[in-house]
Amino acid sequence: MKPSIFSQMSRDRTFLLLLAPVLVYYILFKYVPMFGIVISFMDYNLFKGIAGSEWVGLKYYKLFLENRDALVIIKNTVLLGGYKLLFGFPAPIILALMLNELRGSHYKRFVQSVSYLPYFLSTVVVSSIIVMLLSPSSGWVSHMLQGFGIPPINFLQESEWFRTIYVTSEIWQQVGWGSIIFLAAITTIDPQQYEAARMDGAGRFKQIWHVTLPGMATTIVIMFILQIGQVLEIGFEKVFLLSNAATYDTSDIISTYVYRIGILQGGFSYGTAIDLFMGIIGFILVYASNKLSRRFGETSLW
């Protein structure tokens, strides 16, 4: 006889207690706030509340699509997210492959520790480090350029440098932590496959290409699908801290625009409409990429 759900919960109560804080966090900060999306269809007034505000339908969605700034901020968001995916996604895979090839255990642990460290630094600290390094008067980068006879560049005041700075700093901060899951995928590969490859005369590069990468393929595809869904979810904090009025033409993204419109100017309905609109696009991207992966491969999220 199959045990009831209550007996199963009683049996696994220790694990459920460990899971409880995570569930509470997601319920309070992820699911409960979702009810607030209704204000995107209202002319929301903070004093009247949801019950007293007037319904306006798709007014704010149309307003956003007709706004001449919409194309610019969508373009900036897509480009930043696209560059981060293009250059940032392969980086932890490459690092995991390199770490897997290291034979000295002490040196390997040292490299892993150094690569993980930036992940645990707050965004404010990372942004402050970037500002100090790129300072045109006292930054290390400026001194290095002067050593080569190149005049110092005010990187943070020139819009063409913003995307490079943001993507590079994101890779530096995330690459070590992101490599953990790929290292875990490598450990699941049967060692006999490497022995068979060596017997066939395969060198290290061929073993990586024909054994390691195929063994990681499922993990790579799943992580890629998840990353596609985050293309439009560029971190607000770092962009906000590194951008300024001089770089808005490349640094102004959806989250910073929503912050100015929704919080600073009190346009709660308008800001919510923009955020929901981009969330729907993100969901479509995940769904489409998952469907393509399932059609042309054997791996998908669902």
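Computed from a predicted model, the values in this text were never measured in an experiment.

With that settled, consider the overall build of the protein chain. Along the protein chain, the regular secondary structure elements total 16 helices and two strands. Judged by the C-alpha coordinates and their principal axes, the protein chain covers about 80 × 75 × 40 Å. Nonlocal contacts in the protein chain, meaning residues at least 24 apart in sequence, comprise 64% of its contacts between residues at least 6 apart. Here the protein chain has roughly 19,200 Å² of accessible surface; of this, 68% comes from carbon and sulfur atoms. Averaging the coordinates of the 22 positive side-chain charges in the protein chain and doing the same for the 18 negative ones gives two points 6 Å apart.

With 25 residues, helix α12 (residues 204-228) extends only 31 Å from end C-alpha to end C-alpha; this falls clearly short of the ideal 36 Å at 1.5 Å per step. Along α12, the helix axis deviates most sharply at A217, where the bend reaches about 50°. Where α12 is concerned, the buried positions are Q207, I208, V211, T212, M216, T219, I220, I225 and I228.

Residue-level pLDDT values for the protein chain average 87, and 97% of them are 70 or greater. The element-level mean pLDDT for the protein chain is lowest in helix α1 (residues 5-11), coming to 77, with helix α10 (residues 162-187) highest at 93.

The next thing to look at is the packing of aromatic side chains. For the coordinates displayed, the defined rule picks out 18 aromatic pairs. Ring plane angle 40° and centroid distance 5.5 Å describe the contact between Y25 and F29, whose orientation is recorded as tilted. Here Y25 pairs with F29, and both are found in helix α2 (residues 13-31), just four residues apart, close to one helical turn. For Y25, a relative accessible area of 40% gives the class partly exposed. Taken together, the ring pairs in this structure connect Y25, Y26 and F29 into an aromatic cluster. Of note, R260 hangs over the ring of Y248, and the distance from its end group to the ring centre comes to 5.0 Å.

The next point concerns the packing of helix α6 (residues 90-101) against α12. The contact between α6 and α12 brings their axes to 12 Å, and the two run at 130°. One finds that α6 runs oblique with respect to α12. Crossing handedness for the pair α6 and α12: right-handed. Listed contacts from α12 to I93, L97 and E101 of α6 are R204, I208, T212, L213, M216 and I220. Split by residue class, the contact of α6 with α12 holds six nonpolar, one polar and two charged.

What follows concerns the nonpolar core. Of all hydrophobic cores here, the largest spans 38 residues; its most connected members are I93, F182, M216, Y270 and I274. Of all the elements in the fold, those that place two or more residues in this core are α4 (59-66), α5 (68-88), α6, α10, α11 (191-199), α12, α15 (254-264) and α16 (268-296). The element best represented in this core is α6, accounting for six residues. Core analysis: the next-biggest nonpolar cluster, separate from the first, contains 16 residues, V126, L134, I165 and V239 among them.

Our focus in this paragraph is the pattern of salt bridges. Side-chain pairing between opposite charges can occur once the charged atoms of the two side chains come close. One pass over the full model with this rule turns up five salt bridges. In this structure, K84 engages E170 in a salt bridge whose closest nitrogen and oxygen atoms are separated by 2.9 Å. Here K84 is found in helix α5, whereas its partner E170 is found in helix α10, with 86 residues between them in sequence. Put simply, E101 and R204 hold a salt bridge, and the shortest N to O gap is 3.5 Å. Of this pair, E101 sits in helix α6 while R204 sits in helix α12, placing them 103 residues apart in sequence.

Parameters at a glance
- Residues numbered from 1 in each chain as written.
- Predicted model: local features only at pLDDT ≥ 70, side-chain atom pairs only at ≥ 80, totals over all residues.
- Heavy atoms only, no water.
- Helix = DSSP H or I, 4+ residues; strand = E, 2+ residues; numbered from the N terminus.
- Contact = heavy atoms within 4.5 Å.
- Areas by Shrake-Rupley, 256 points an atom, 1.4 Å probe, with all protein chains shown as cover.
- Lys, Arg positive; Asp, Glu negative; His and termini not counted.
- Charge placed at Lys NZ, Arg CZ, Asp CG, Glu CD.
- Expected span 1.5 Å × (residues − 1).
- Bend = angle between axes of the 7 residues up to and from the residue.
- Buried < 20%, exposed > 50% of the residue type's maximum accessible area, 1.4 Å probe, protein only.
- pLDDT = per-residue confidence, 0-100.
- Phe/Tyr/Trp six-rings, centres within 6.5 Å; stacked < 30°, edge-to-face > 60°.
- Lys NZ or Arg CZ within 6 Å of the ring centre and 35° of its normal.
- Axes fitted to C-alpha atoms, helices over the stretch in contact; angles between N-to-C directions.
- Parallel < 35°, antiparallel > 145°, perpendicular 65-115°, else oblique.
- Left-handed = near helix turned anticlockwise from the far one by under 90°.
- Nonpolar A, V, L, I, M, F, W, Y, C, P; charged D, E, K, R; others polar.
- Core = buried A, V, L, I, M, F, W, Y, C linked by side-chain atoms within 4.5 Å.
- Salt bridge = Lys/Arg side-chain N within 4 Å of Asp/Glu carboxyl O.

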